[in-house]
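# Residue-level structural notes
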Amino acid sequence: MKNRRDFLKLTALGGAAVVTGSLIQSCDTDKTKGTAVSKQDNKNKPIQKPVVISTWDHGMQANIPAWEILNNGGSALDAVEAGVRVVESDPNNSSVGIGGAPDREGNVSLDACIMDHKGMCGAVAALENIENPISVARKVMEDTPHVMLVGKGALEFAISKGFEEKNLLTEDSKLKWEKWLETSKYEPIINIENHDTIGMLAIDSEGNLSGSCTTSGLAYKLRGRVGDSPIIGAGLFVDNEIGAACATGLGEAIIRIAGSAIVVELMRHGYSPTEACKEAVERIIKIHGKDAAFQIGFLALNKQGEYGGYSLFSQFNFAITNKSKNELAYTEYNKEWT
Ligand code: ASP
């Protein structure tokens, strides 16, 4: 892991990149906080495309197939599906897809959603025995008049669409769960070092945006618990006129503020991607105060291809791939508590 100095260096560089990419045209005062809030004027700005960003360092492996699609002129929708599938299918990743940590009863139950540039979306929640819930979510979007299927119904739907059932509890995650059972302390802490949900946002060469989000949720969660990740507006939101956002961290806190929808709305009102993510984190702080001993991270990508992120605590990183870079960066975070 990066040490603090490296981290600060990266934050400073990442921050600079974001700020230059979203030059402030005017500065309004937000009356509720008395702080200056920059307002972007995006008209006439050149669009930087294609771009793909995704949460945590597993984003680096996810961005590879996503970028291949984007760089070959493919759609953002295909890119965000193909990208996160890689992480879902990685048995060594303990927070997404196969190998994901089970609930407290030992069932691996997965949540995912996807949203395209036409405002169409699909989701599955509490889906078991299917390795790639993101592709089932896409089928819900494309082949049904619905947005979300859950539990047994989602599984039956997946099987009807030809998805193969398989055991998702790997030996390693079973051993860890058995260890947890020794104390079975129910402490849904989203830690700072582990790499959690994958959320991915992309803009393609046509300038269309799409996003995806997929997770096994909190380790050892209550059976049936669903977090923000499959909830459109919480774990993910896309508005092709404005931008897209996704979230990671303690789902309950993200749902309480309709996190990703809020980030996109703030961008509609002129916030840069980083500022919008920061404001969403501040709303969570307002609700939870100093009890917010959990990690939250938002990423956002606007219609101009500018991106940014913000987290409650340090160490939230994300992968960026565009024509000039393919790298991991750290977001800015709420420094008052660190
Ligand atoms: N947001 C996910 C959830 O609450 C967890 C995570 O991002 O790690 O289910």
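Residues numbered from 1 in each chain as written. Predicted model: local features only at pLDDT ≥ 70, side-chain atom pairs only at ≥ 80, totals over all residues. Heavy atoms only, no water.

## A word on the overall build of the chain
- Within the chain, the secondary structure is distributed over nine helices and 15 strands.
- Looking at the chain as a whole, 57% of its 338 residues qualify as buried.
- Looking at the chain alone, contacts between residues at least 24 apart form 66% of all its contacts between residues at least 6 apart.
- When the accessible area of the chain is evaluated, it comes to approximately 14300 Å², of which 52% is carbon and sulfur surface. (Helix = DSSP H or I, 4+ residues; strand = E, 2+ residues; numbered from the N terminus. Buried < 20%, exposed > 50% of the residue type's maximum accessible area, 1.4 Å probe, protein only. Contact = heavy atoms within 4.5 Å. Areas by Shrake-Rupley, 256 points an atom, 1.4 Å probe, with all protein chains shown as cover.)

## Structural notes on helix α8 (residues 259–268)
- Burial analysis of α8 places eight of its 10 residues in the buried class, which makes it a mostly covered element.
- Within α8, burial applies to G259, S260, A261, I262, V263, V264, L266 and M267.
- Residues of α8 that are buried sit in contact with β9 (236–239), β10 (243–249), α7 (251–256), α9 (273–288) and β11 (296–302).
- Downstream of α8 by a residue or two, G270 has a phi angle that is positive, lying close to 100°.

## Remarks on the packing of aromatic side chains
- Per the counting criterion, the structure on display carries three aromatic pairs.
- Ring geometry for Y307 and F318: centres 6.1 Å apart, planes at 70°, overall edge-to-face. Pair noted here: Y307 is in strand β12 (residues 307–311) and F318 is in strand β13 (residues 317–322), with a separation of 11 residues, a long-range link. For the pair shown, Y307 and F318 are each scored as buried. (Phe/Tyr/Trp six-rings, centres within 6.5 Å; stacked < 30°, edge-to-face > 60°.)

## Quick word on unusual backbone geometry
- With an omega of -5°, the peptide bond running from K49 to P50 counts as cis.
- Topologically, P50 is positioned in the loop between β2 (35–39) and β3 (51–55).
- Non-glycine residue A126 carries a positive phi angle of around 50°.
- If you trace the backbone, A126 turns up in strand β5 (residues 121–128).
- With a phi angle near 50°, A258 is a residue other than glycine that sits in the positive phi range.
- Taking the relative accessible area as the measure of exposure, A258 reaches 35% and is therefore partly exposed.

## What to know about the sheet that holds β12
- Here five strands make up an open sheet; going across it, the order is β9-β10-β11-β12-β15 and the pairing mixed. Edge positions in the sheet fall to β9 and β15 (332–333), since each has one partner strand and no second.
- Bridge count between β11 and β12: five bridges; the pairing is antiparallel. Within the sheet, the bridge partner assigned to F298 lies in β12 and is Y310.
- The strands touched by α8 within the sheet are β9, β10 and β11, with β10 carrying the most contacts at an inclination of about 145°.
- On top of the sheet, α9 reaches β11, β12 and β15; it is set at about 20° to β12, its chief contact. (Pairing = 2+ DSSP bridges. Axes fitted to C-alpha atoms, helices over the stretch in contact; angles between N-to-C directions.)

## Considerations on the side chain of T144
- Checked against the element boundaries, T144 lands in the loop between α4 (133–143) and β6 (148–150).
- At 2.7 Å, the side chain of T144 and the backbone oxygen of V140 are in polar contact.
- Of the polar contacts made by the side chain of T144, one reaches the backbone nitrogen of H146; its length is 3.0 Å.
- When sequence neighbours within four positions are dropped, the list of residues in contact with T144 reads K139 and F157. (Polar contact = N/O pair within 3.5 Å; in protein donor to acceptor, adjacent residues only side chain to side chain.)

## A look at the pattern of salt bridges
- One pass over the structure, following the stated rule, counts 17 salt bridges.
- Notably, a salt bridge pairs R225 with E252, separated by 2.8 Å at the nearest N-O pair. Placement of the pair is R225 in the loop between β8 (209–215) and β9 and E252 in helix α7, with a sequence separation of 27 residues. (Salt bridge = Lys/Arg side-chain N within 4 Å of Asp/Glu carboxyl O.)

## Some details on the confidence of the model for the chain
- Per-chain confidence: the chain averages 87 in pLDDT, with 84% of residues scoring 70 or above.
- Overall, residues 1–36 carries pLDDT values under 50, and its contacts beyond four positions in sequence, including any with other chains, amount to 49 contacts. (pLDDT = per-residue confidence, 0-100.)

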